[in-house]
Each structure stands twice: as structure tokens, then as C-alpha cells.
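Residue-level structure breakdown
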Amino acid sequence: MQQTPAWGMGLFAVCQAVILLALTPLMTGISRQIRARMHSRRGPGILQDYRDLGKLLKRQPVGPDQSGAMFRLMPWVLLSSMLLVAMALPVFTATSPFGGAGDLITLLYLFALFRFFFALSGLDSSSSFAGIGASRELTLGILVEPILLLGLLVVALIVGSTNIGTISAALAHGWSSPLAIFMAFLACGFASFIEMGKIPFDVAEAEQELQEGPLTEYSGSDFALVKWGIGLKQVVVAEMFLAVFIPFGKAVSLSPTALLLALVVMVIKLLVVFVLASLVENSLARGRFLLTHHVTWLGFGVAALGFVFYFTGL
């Protein structure tokens, strides 16, 4: 790829994040349509989420009198943290357009920041229902984030770098340790499925569920930003998985033709991930939250097995 000025790559990273943000309501709308069809319902159109966001953004937000600055700050933190992740991912190019935030540890910290503020806003709302949802969200993070971290650490050790662009470029040329990377692939796919808020671990659009309790006190434009941020998280989690383990179809230059082709390939891959995740989630029943750790230990064991294969050279 030809050398591009730093400001040019920064502008490209911003455009990349805007594209993912714009695609978010489409992807969540497709998920809702698949859910409705599998439930033998007509369901909303795939563009309904765009209309919902537009309607909510025009309304004035109303919050509890007891809420503080954390409650009002949370929607902006959710959206900005996921936009930063979207800027750092190698979505259209083989390398990260925003290399300063392209380190895996940085990306995982941004996901942790998302979950921390999401849970803390529930506590700050002074609602007991939201507080229970906040505690469940933190519990789920404790169970899932180590799986994602271990899976990504396996491929980082194999490649010799924690930069997601370097990992993506290296794995695009083949898997040097097939069994170890395959175990990391399974573990990260499992963790990504959970982080996307899918059944049996969550009901992504059921705000009355305890898992989504922190959203019960939000309304108007604040609620729109929260919903947009949660949807964007689903997109960037899927894109991070694709960037690491399925890094094909990237642009070899920043020419309009190459970028347009990369955009088409990216949309197709993202659509396949959302369709598969929706088919799997709607084929499962909602499980008891207190038994979640019995399932997540399986993903942790697969990630640990990836370490065993790495150290044995398999």
C-alpha cells in the first residue's frame, strides 16, 4: 500500500467509523426481522431501527431526579468508545488506519470501559431494578472477557505482536499454528456471540429484562444514543472477529475502486455473521442467568487448550 500522510489515515479512520455507525441500524434491523420470521411473525421492516432512532433523537431526554452526572454521561461514553474501536479496526485495509488505538489490550480496555459505564449508570439512576441489571452486566463481563482476552492472546503470541493490524496481515497469509489458532477462533467466536447480546445470555431488545435493567430510566435522545451504542458494539465485535480470523477482501490501495470492493466484501461478511448469529440465537431457549458460568467455562477451556497447542507447536 502506498504511503499515506498521518492526517489522511486519521480522516480515513473517521470515515470508516462513520460507515460502521451508519450500517448499525441496518444490521440490527436484519436481526430483528430474522427473529420475527423464526417466531412466525411478520415483524418490523429492516429499516425500522433507522425510524426509531430518528424519532427518539427528536424527543427530550427525561431522567430521575436522583440521577447524577454518570447517568447523563453514559450514552456519550458508550457511543464514543465504540467509535474509537471502529476507527482502530482494519476493516477496509490490511493495517489499522488508527494504529495508536489498534493494540488488542487497548481495544479490550475500551470494551471494559463500555461495560463499566453501562453498569455504573444503572447504579447512578437510584433504581433498584437498574441496580440488579448492572450487577448482572458486571458478572457477565467477568465471565466473558477472560475468554476473549485468552483467545486473542494466543494469536498475538503466534504472530509476535498485539497490534490488530499486524495480526490481521499475518493471518491473511495462512495459519502457522493451525490447531492453536483454530481453538482461539472457537473461543473468540463464542465470546463475540455473547458480547453481541444474544440468547441464551441476553435478550438484546428486551429492556424489561434484568440484564438490560440499566436502560429502564432512559428516554428520548439519550435512549437513542444508548441503543445506537449497543448496536454499534455488536457491529465492532463482529468486525474485530472478522479482522483477526477472516482477514480477506481488504483493499491493497486507497483507490476508489479498491475501497469500494473492500466495502462490498465487508458488508457481505458482516451480514453473514449477523445472519448466522441470529439463526443460532433464535434456535436456543433463554437460560437461567445463575447457570451462565457453567456454559462460559467451556469457552475458557477451549481458549486454554489453544495455549496448550501453541506451546506444543501444534
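Look above for the structure.
Residues numbered from 1 in each chain as written. Predicted model: local features only at pLDDT ≥ 70, side-chain atom pairs only at ≥ 80, totals over all residues. Heavy atoms only, no water.

Turning to the packing of helix α4 (residues 104-124) against helix α5 (residues 128-159), a few remarks are in order. Two elements in contact, α4 and α5, have axes separated by 9 Å at closest approach and are oriented at 175°. Between α4 and α5, the interaxial angle falls into the category roughly antiparallel. Taking contact as the criterion, the partners of L104, I105, L108, F111, A112, R115, F118, A119, G122 and L123 in α4 are, on α5, A130, G131, A134, E137, L138, G141, E145, L148, L149, L152 and A156. Along the lines of polarity and charge, the residues of the contact of α4 with α5 split into 15 nonpolar, 3 polar and 3 charged. (Axes fitted to C-alpha atoms, helices over the stretch in contact; angles between N-to-C directions. Helix = DSSP H or I, 4+ residues; strand = E, 2+ residues; numbered from the N terminus. Parallel < 35°, antiparallel > 145°, perpendicular 65-115°, else oblique. Contact = heavy atoms within 4.5 Å. Nonpolar A, V, L, I, M, F, W, Y, C, P; charged D, E, K, R; others polar.)

All right, on to empty space enclosed by the protein then. The gaps left among the atoms become clear once a water-sized probe is rolled over them. The tally for this structure, following the rule as stated, stands at 4 cavities of 30 Å³ or more. In this structure, the second largest cavity encloses a volume near 50 Å³. What lines the second largest cavity is L104, I105, L108, L149, L152, L153, A156 and T162. Listed by contribution, the elements that provide at least two residues to the lining of the second largest cavity are α4 and α5. With 4 residues, α5 is the single largest residue contributor to the lining of the second largest cavity. Across the lining of the second largest cavity, the residue classes break down as 7 nonpolar, 1 polar and no charged. (1 Å grid on protein atoms, 1.4 Å probe; cavity = no way out; pocket = protein on both sides within 12 Å on 5 of 7 lines; lining within 4 Å. Points joined across faces, edges and corners; volume = space filled by probe spheres on them.)

Now for the pattern of salt bridges. Under the defined criterion, the tally for this structure stands at 5 salt bridges. Residues D52 and R32 are paired through a salt bridge, measuring 3.5 Å at the closest nitrogen-oxygen approach. With D52 in helix α2 (residues 48-57) and R32 in helix α1 (residues 6-38), this residue pair connects regions lying 20 residues apart in the sequence. In this structure, the salt-bridge partner of E195 is R115, at a minimum N-O distance of 2.9 Å. In this pair, E195 is assigned in helix α7 (residues 178-195) and R115 in helix α4, connecting sequence segments 80 residues apart. As far as the burial class goes, E195 and R115 line up, both buried. Each of R115, E145, E195 and K233 takes part in one network of salt bridges that share partners. (Salt bridge = Lys/Arg side-chain N within 4 Å of Asp/Glu carboxyl O. Buried < 20%, exposed > 50% of the residue type's maximum accessible area, 1.4 Å probe, protein only.)

Together, M38, L260, V264, I268, V272, L276 and L279 make up an exposed nonpolar region whose accessible area comes to about 610 Å². With respect to the helices and strands, the residue L279 is situated in helix α9 (residues 256-281). (Patch = residues over 30% accessible without salt bridge, like charges linked within 9 Å, V, L, I, M, F, W, Y side chains within 5 Å. Areas by Shrake-Rupley, 256 points an atom, 1.4 Å probe, with all protein chains shown as cover.)

Taking 1.5 Å of rise per residue, 20 residues should cover 28 Å, and helix α3 (residues 69-88) covers 28 Å from first to last C-alpha, within 8% of that figure. Among the residues of α3, F71, M74, P75, V77, L78, L79, S81, M82, V85, A86, M87 and A88 are the ones counted as buried. (Expected span 1.5 Å × (residues − 1).)

Attention now moves to the packing of α3 against helix α8 (residues 220-245). Contact pair α3 / α8: the axes reach a minimum separation of 8 Å and the direction vectors enclose 25°. The orientation of α3 relative to α8 falls into the category roughly parallel. For α3 against α8, the interelement crossing comes out left-handed. Residues M74, P75, W76, L78, L79, M82, L83, V85 and A86 of α3 form the contact with α8, whose participating residues are D222, L225, V226, W228, G229, I230, L232, K233 and V236. (Left-handed = near helix turned anticlockwise from the far one by under 90°.)

For any pair of aromatic rings, the description consists of the separation of the ring centres together with the inter-plane angle of the planes. Per the counting criterion, the structure on display carries 8 aromatic pairs. Ring plane angle 85° and centroid distance 5.7 Å describe the contact between F116 and F117, whose orientation is recorded as edge-to-face. For F116, a relative accessible area of 42% corresponds to the partly exposed category. Residue F117 is classed as buried on the basis of its relative accessible area, which comes to 13%. Ring centres 5.0 Å apart and planes at 65° place the aromatic pair Y310 and F311 in the edge-to-face group. An aromatic cluster is present here, built from F182, F185, F241 and F245 joined pairwise through their rings. (Phe/Tyr/Trp six-rings, centres within 6.5 Å; stacked < 30°, edge-to-face > 60°.)

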